[in-house]
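Chain by chain, the residues run as shown.
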Amino acid sequence: MKIGIIGAGNIGGNLTRRLTALGHDVSVANSRGPQTLTALAEETGATPVPVEEAARGAEIVVVTIPLKGVPKLPSGVLDGAADGLAVIDTGNYYPGRDGRIAEIEDEGLTESRWTERQVGGPVVKAFNGTYAADILDRHRPAGDPDRLALPVAGDDEAAKAKVRALIDELGFDTVDTGGLDDSWRQQPGTPVYGLRGGVEAVTKALTDASPERPSDFRS
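Our subject in this report is the structure included herewith. The structure displayed is predicted, hence computed values, not measured ones. Starting from 1, residues in each chain are numbered consecutively following that chain's sequence as written. Local features in this predicted model are restricted to residues of pLDDT 70 or higher, and side-chain atom pairs are both shown and tallied only at a pLDDT of 80 or more, whereas totals for entire chains, interfaces and linings draw on every residue. Side-chain measures were taken over the full set of non-hydrogen atoms in the model, leaving aside hydrogen atoms and water.

1. Description of the overall build of the protein
So, step 1. Looking only at helices and strands, the protein features 8 helices and 8 strands.
So, step 2. Between the two quantities, the radius of gyration covers C-alpha atoms and the globule rule is 2.2 Å times the number of residues to the power 0.38. Taken against the 2.2 N^0.38 rule, which gives 17 Å for 219 residues, the C-alpha radius of gyration of the protein at 16 Å falls within 12% of a compact globule.
So, step 3. Projected onto its principal axes, the C-alpha positions of the protein cover 45 × 40 × 30 Å.
So, step 4. Type-normalised accessible area, obtained with a 1.4 Å probe on protein chains alone, sets the label of each residue: buried when under 20%, exposed when over 50%, and partly exposed for intermediate values. Within the protein, the fraction of its 219 residues that count as buried is 52%.
So, step 5. With residues, only the protein chains shown are counted as cover, and all accessible areas are computed by Shrake-Rupley using a 1.4 Å probe. Accessible surface for the protein amounts to roughly 9,500 Å². Of this, 47% is attributable to carbon and sulfur atoms.
So, step 6. Charged residues are defined here as Lys and Arg on the positive side and Asp and Glu on the negative side; His and the ends of the chain fall outside this count. Note that the charge is assigned to NZ on lysines, CZ on arginines, CG on aspartates and CD on glutamates. Once the 23 positive and 33 negative side-chain charges of the protein are each reduced to a mean point, those two points are 3 Å apart. Helix and strand definitions follow DSSP, with helices as H or I runs of at least four residues and strands as E runs of at least two, each counted in order from the N terminus.

2. Things to note about the packing of aromatic side chains
So, step 1. A pair of aromatic rings is counted whenever rings of Phe, Tyr or Trp (Trp by its six-membered ring) have centres within 6.5 Å, and the orientation is called stacked for planes under 30 degrees apart, edge-to-face for over 60 and tilted otherwise. Per the counting criterion, the structure on display carries 0 aromatic pairs.
So, step 2. Whether a charge sits over a ring depends on NZ of Lys or CZ of Arg being within 6 Å of the ring centre and within 35 degrees of the ring normal. Directly above the ring of Tyr 131 sits Arg 196, whose terminal nitrogen or CZ lies 4.2 Å from the centroid.

3. What about the side chain of Lys 160?
So, step 1. Within the fold, Lys 160 resides in helix H7 (residues 157-170).
So, step 2. On the accessibility criterion, Lys 160 (2% relative accessible area) is buried.
So, step 3. Each polar contact in these results corresponds to two N or O atoms within 3.5 Å; when the atoms are within protein, one needs to be able to donate a hydrogen and the other to accept it, and residues that are neighboring in sequence are counted only if both atoms are side-chain atoms. Only 2.8 Å separates the side chain of Lys 160 from the side chain of Asp 176, close enough to count as a polar contact.
So, step 4. Throughout, a contact is declared for two residues whenever any of their heavy atoms are within 4.5 Å. Other than its neighbours up to four places away in sequence, Lys 160 contacts Val 124, Val 152, Ala 153, Gly 154, Asp 176 and Gly 178.

4. Details of the environment of Val 51
So, step 1. Relative to the helices and strands, Val 51 is located in the loop between strand S3 (47-48) and strand S4 (60-63).
So, step 2. By relative accessible area, Val 51 is classed as buried at 12%.
So, step 3. When the C-alpha positions of Val 51 and Glu 103 are compared, they lie 25 Å apart, and in sequence the two are 52 residues distant.
So, step 4. Sequence-distant contacts of Val 51, that is, excluding residues within four places in its chain, are made with Ile 6, Ala 29, Asn 30, Leu 73, Pro 74 and Val 77.

5. Things to note about the pattern of salt bridges
Side chains bearing opposite charge may pair, as long as their charged atoms lie close to each other.
So, step 1. Each salt bridge in this description consists of a side-chain nitrogen of Lys or Arg and a carboxyl oxygen of Asp or Glu lying within 4 Å of one another. Following the criterion strictly, the structure yields 15 salt bridges and no others.
So, step 2. Of the charged contacts in the structure, one is a salt bridge between Glu 116 and Arg 113, with a shortest N-O distance of 2.7 Å. With Glu 116 and Arg 113 both in helix H5 (residues 111-119) and 3 residues apart, this pair spans about one turn of that helix.
So, step 3. Among the salt bridges present, the one from Asp 176 reaches Lys 160, with a minimum N-O distance of 2.8 Å. Separated by 16 residues along the polypeptide, Asp 176 in strand S8 (residues 173-178) and Lys 160 in helix H7 bring together distant segments of the chain.
So, step 4. Residue classification places Asp 176 among the partly exposed residues on the basis of a relative accessible area of 35%.
So, step 5. Overlapping salt bridges bring together Arg 113, Glu 116, Asp 155 and Asp 181 as one network.

Here you go:
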């Protein structure tokens, strides 16, 4: 599969490592330019590209940058993607880092609904509460009792199915959180955020979530 990754931090870098190891054709971009991704490219075989080219021909695009950087992405950043595109949003809102985002705090938009409005495309929220090291170290085959489960939210059922299949290939189970407007259940401060658990534990944590954003995650 052709996959574009925008952001080469901890999550983006480790997804690049695992997805290339699984045989996917990965293009990776960051805000500093492809010349800064030489080491990651040499390590993994991924292709470093400008952000404007990350989605070209991609069936899945991963947006894994701080929320404050999302509005700064180039206009038409998803242009040239393959039919049936799915956009994975791994982002979280931290006001101390991102500044105050009124649509999230005042209008009550979920983080991924806000991101979808910025980039377009069928956004699927995943990996936002996952420890980056677990992507490399905690993957397990299907049926393993120690296999972790990740919550996944999205409105487009085909896109969500594609993302869930990819996560399964990466070595993790998934639990469907619902649509993007339900993705508050996996935002920072909720019981599932950072939880290392299987399907049963993740399902319970999602059920126990409160829509009230904790004060730690408001400006």
